Structure formats: C-alpha cells, structure tokens
Amino acid sequence: MNDALTTQVFHLVKRLRDYGIEEVVISPGSRSTPLAIACELHERITTYIHPDERSAAFFALGLIKATNKPVAILCTSGTAASNYVPAVTEAYISHLPLVVLTSDRPHELRNVGAPQAINQVNMFQNFVMYERDFPIADGSDGTITFIEHVMQQAQTHFNGPMRGPVHFNIPFREPLMPDVTRTDLLSYTPVPNVMYQKSFNIDIMRPVLNLKRGLIIAGDSQQEDLTQLLVFSTIHNIPIIADPLSQLRDSKHPNVITTGDSAFKALEHIHAGYVIRVGHAVVSKPINTWLAQTDIPQVLVQSRATPDTFPKVPDLYIEMTANDFFRQLADEKPADNKEWLKYWQTMNDLIINQIHQHTQTVTDEGRAIYEIFKQIEDDAVIFLGNSMPIRDCDTFFTQFSGKPFCNRGANGIDGVVSTAMGMAVHKKVTLIIGDISFYHDLNGLIMKKLESLDINIVVFNNNGGGIFSYLPQKENDTYFERLFGTPLNLNFKYAAQLYDFNYYKFNAFDDFKLPDSGANIIEMITDRDENLLAHQQLIHTLKDKLNAEL
C-alpha cells in the first residue's frame, strides 16, 4: 500500500465533501484509481459511473442544475480529459460550479513520449475560474497544506458572484492502490463559512424610477429567488417580460408577461421609458435586438463579479442578487404605471388566446409542443434542445406548469441528452429535442441502464436541422439540404432498443399522452417546411390582431 498516496488523496476527497461536493461522476480508467476508490469509500459522496467522458461531464451539469450544488467529474489521463472541454465551456459561460478532476502521469513522464500522456496543465485555461497542478504524493506535510490552500481558494467559485468551473490536475506515480482501510481519513471537519453581501446607494436608481413605462426583462437567474422582484413589480405596476428559463412563467403573477417574444415580433414600436434586466440574456432574438438598439436607460442586475453585458452594455450595473436589489427599491415612491401595465396585460391575453387558436388549426411542431406543455406537472422539469425546442418554448409556453431548463451558456447541441439525464436523477424530466441534437449525444442514454433513470424524451424528427430553415441559407436550395438541412434518415426505435427505453412513435397532429413513469423515447415525425410556414403564419396573424385591437 502507498501510505503517502492514501493520505494525500483521502484528504483531498474529504475536503471536497467538506466544502459541499456531494456527487462525483467517474469515468473509468487506471490512472484515476486512487481518487475513484476514495470517492467510492466516502459514505457521504454519491458516485455515478459513466464510460463516456464527454457525456459524463454534461451529466454532471444536469446534476448541478437539479441541485444548485457543485458536482465533481473524474477521469484518467490523456485524451479522456480532452473530452471534458465542451461541458467545461458550457459551465464557464453558464457560471456552473463544475469541479474537474483530471488524473495525470507523474512529472517525469510528461513530454517524453510516454503513453497516455498529454500536457494537461492549464488545458482548460480559457474556460475555468481557477486551476492548479498538484504535487506528487511524497508523504510531506506540505502536500496536505497545499490541499488546504487550494480548497480555500477554489471554494470561492462554488457559490456567490464568482461561481464557475475549477480544474485540479492531479498526477499519480505507481503503485496506484490506496489503503482502503483508512476511511478514518475521510471523516468530516468543519470549514470556514463565506458570505456574500452587497448594498448600493439608492440615490443612483431614483432618476430611473422617476421615469414612467418601466420594463423588467428577466432571463435565466439559475433558480435564484425572485420573490422581491414580484413584490416590486406589484407595488410599482411594472410588467415583467419573463424568459422561459427565468422560472417565472408558471408563477401565475398578473404582472408576468409570458408572450414577450411574440409581442416583440409583432409590434413595430415599444415605447418603454427604462429597462431593468435581471439574470442572463433572454432567448428571444427580437427582444435582444430591441435592447441593443434602444436608447432608453438600462440597468443590469446580476450576482456576478463580471457582468454578462450582452446584448448592450448597460447604463448601470448592480452586482447583487435580484432579491437584495428589489428589496431596497420596494419603499420608493412609484411612478404612475397602471395604464402601462394594463396595456401589457391586455396584449398578453390577446396573444395567449391567439396562440391557442393557432394550435387548433396546424399540425406542426408548435402544436405538438403546446400539447406536451399541457401535460407537464407542477415543478416537473422541461429540458429543451438548443435549436427549435427552446425557441418554441419561448413562443408556446404561455400559461402552463413546469420548469424549463436548457444549456444556454454556449448554446450548443453538445451533451443535451446527458444534461437532461443528470437532472433526472433528482427531478421528473421531460426532454424535448430535435433529431440532430439527439443523435449527437446518444451515448448519454447509457445512464438509463447504469442508474435505472426514468425520463421522457420527445424527439422531434424532421429529418434534419430545422432551425436552418429560418435563416437566409434556406433561399439557396442548391446547397441547402447537403450543408444545412443534413437529413440523417434515422429511425430511433433501434436506439430505444439498445438502451432499454420504451418506444412510441407519433405524427405531430396525433393525439398522444406522455407516459407517467418509466424511461421512454417518443419519436414525433414532423416536417421542416410545414413548421416554417406555420410559424410564419402565426406571426402574421398576431401582427394583424394586435394592430386591430390595441
């Protein structure tokens, strides 16, 4: 047994748990043996085994989204670590506390042609908040002191305004087996608490609040409590344009506008007096375009040391939680915004009714996703692919229950299945995804077999990349199908059989019911051209309706 290795590795795993890491996703390998065994031995750590590092890292992101807690991923040396790059990128942009543990060859085997050895030091440097290369376990007190320093520094990125991914590169020299009897080294000891609190001078907001026709635009706030935002909106009669990822659309609050994307598509002019932006940028392209072009005052509120200023640098940035910010504004004398609020509420009702009528006359993906939303239970998760599903959610998720989630950091199709599977460990999940995105992460389905997960996966199979039909590339039919449409001609029945999912197949216009339990793949056959025409028809109808009645 390697006593020095046991002491160092067990102390690191103990400190990971002491600082709040309860779950670790392990991809099997030899060089990671000491860490894998230590995590498995720790009674207060739940481990998951995932053989595909790329999917494993996105599975961990799903665990983070479900619990709002840091999660660690562990792999062996070499290209195994390279497969983490897409998920680490997503975690960085989305401010998710992903703790990356890459095992490495000892220093004497680096850059000399040894097998399974690549330069892993700083390999995620563009996409992590913090990174350290660990020393080899040599039995000195300095290695334990090093861990204490590193963990104290790294934990500042587990919560608070600097939350985001960190990377520990940990080299091991053989022999790799720790002493499995030394579980006493894993016992809990307290760690210092870190509190984040900020205040601001209310005087800087008064000139803005004295203006009329304010708008609050709420994006993804990563499950942050927004109660005081609703209180402020009620007192000041200010409409809240709620992105589907804000988790406000199911609040049933009368000031929450659930049709913002449709409204900004249909209206030629928005005569607002000022905007308070909360959280990340919204999904809606029309809203972001308007924000980029308008010259009215904009205030951005985020609990981030480095603000996400897209789509326009705000006139004022407040670094604090939305609850702290709006609590300090609640007692300010409100401007007269009652008619302004009524205008948005009336428009919201008109659009909701029109969307409902529209879904009764078409047979496209919009109708299908509308019918799915009707069946989602309170607090159940709706996980959405990044192409058409999240955009259709923005349009059609207007008066329903459920909590929409999406990987909207880098907005890619990497790991969508795996992230949804990770959330399914803790939540009831329905994943809505296109056929290209589904194919891209089929490996993620293995967690159904390994963890016996229940999940509904609805695959809109329009035989290609439906999102590209809405772009100018569609006008050139000579190259469109080969370069952008990319039909795959896949039948996902066989994927369901491979991974032991129940399988159902429908057309978009069929009546269907989501299964109440089990692991299910529901393949929905749709048509890209029909989807495009139906979406265009809805916008034209909304423009006519709003111009006639507002």
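Residues numbered from 1 in each chain as written. Predicted model: local features only at pLDDT ≥ 70, side-chain atom pairs only at ≥ 80, totals over all residues. Heavy atoms only, no water.

Undergrad: How would you summarise the environment of Leu61 if you had to cite specific residues and measurements?
TA: Within the secondary structure, Leu61 is located in helix H3 (residues 53-67). Here Leu61 falls in the buried class, since its relative accessible area comes to 0%. As for Leu61 and Thr47, which are separated by 14 residues in sequence, their C-alpha atoms are 14 Å apart. Here Leu61 is in contact with Ala87, Glu90, Ala91, Leu96, Leu98 and Thr419, once residues within four sequence places are set aside. (Helix = DSSP H or I, 4+ residues; strand = E, 2+ residues; numbered from the N terminus. Buried < 20%, exposed > 50% of the residue type's maximum accessible area, 1.4 Å probe, protein only. Contact = heavy atoms within 4.5 Å.)

Undergrad: Explain the pattern of salt bridges residue by residue, including any values.
TA: Going through the model one piece at a time under the given rule, you end up with 25 salt bridges. Here Arg17 and Glu22 are joined by a salt bridge, their closest N and O atoms 3.9 Å apart. For Asp184, the salt bridge goes to Arg182, with nearest N and O atoms at 3.0 Å. Residue classification places Asp184 among the partly exposed positions, given a relative accessible area of 45%. Residue Arg182 is classed as partly exposed on the basis of its relative accessible area, which comes to 32%. Within this structure, Lys14, Arg15, Asp18 and Glu148 form a network of salt bridges that share partners. (Salt bridge = Lys/Arg side-chain N within 4 Å of Asp/Glu carboxyl O.)

Undergrad: Explain the sheet that holds strand E2 (residues 46-49) to me, using residue names and the numbers behind them.
TA: With respect to topology, 6 strands assemble into an open sheet ordered E2-E1-E3-E4-E6-E5, the strand pairing being parallel. Among the strands making up the open sheet, the edge pair consists of E2 and strand E5 (130-133). Ignoring which end each strand starts from, the neighbouring axes of this sheet average 20° apart. (Pairing = 2+ DSSP bridges. Axes fitted to C-alpha atoms, helices over the stretch in contact; angles between N-to-C directions.)

Undergrad: Could you give an account of the environment of Ser94, with specific residues and numbers?
TA: Within the secondary structure, Ser94 sits in helix H5 (residues 85-94). You can call Ser94 buried: its relative accessible area is 7%. With 71 residues separating them along the chain, Ser94 and Pro165 place their C-alpha atoms 9.6 Å apart. If sequence neighbours within four positions are ignored, Ser94 has contacts with Gln222, His280, Arg408 and Gly409.

Undergrad: So what about the side chain of Thr143? Which residues, and what values?
TA: Relative to the helices and strands, Thr143 is located in helix H6 (residues 141-154). Apart from the residues lying within four places of it in its own chain, the contact partners of Thr143 are Gln8, Pro135, Ile136 and Asp138.

Undergrad: Help me get a handle on the packing of aromatic side chains, residues and values and all.
TA: Any two aromatic rings considered together are summarised by their centre-to-centre distance and by the angle between their planes. Considering all chains together, one arrives at 19 aromatic pairs under this definition. Both rings, one in Phe373 and one in Phe397, keep their centres 5.1 Å apart while their planes meet at 80°; by these two values the pair is edge-to-face. On the criterion of sequence distance, the pair formed by Phe373 in helix H13 (residues 365-374) and Phe397 in the loop between helix H14 (388-396) and strand E14 (403-405) is long-range, its members being 24 residues apart. Exposure class is identical for Phe373 and Phe397. Each is buried. With centroids separated by 5.0 Å and ring planes inclined at 70°, the aromatic side chains of Phe438 and Phe492 adopt a geometry described as edge-to-face. Remark: Phe492 occurs in the loop between helix H18 (477-485) and helix H19 (493-498) and Phe438 occurs in helix H16 (residues 435-440); sequence separation between them is 54 residues. Considered together, Phe438 and Phe492 belong to a single accessibility category, that of buried residues. By the ring-pair criterion, three or more aromatic residues cluster together here, those being Phe264, Trp290, Trp340, Tyr343 and Trp344. (Phe/Tyr/Trp six-rings, centres within 6.5 Å; stacked < 30°, edge-to-face > 60°.)

These figures come from the coordinates and say nothing about function on their own.
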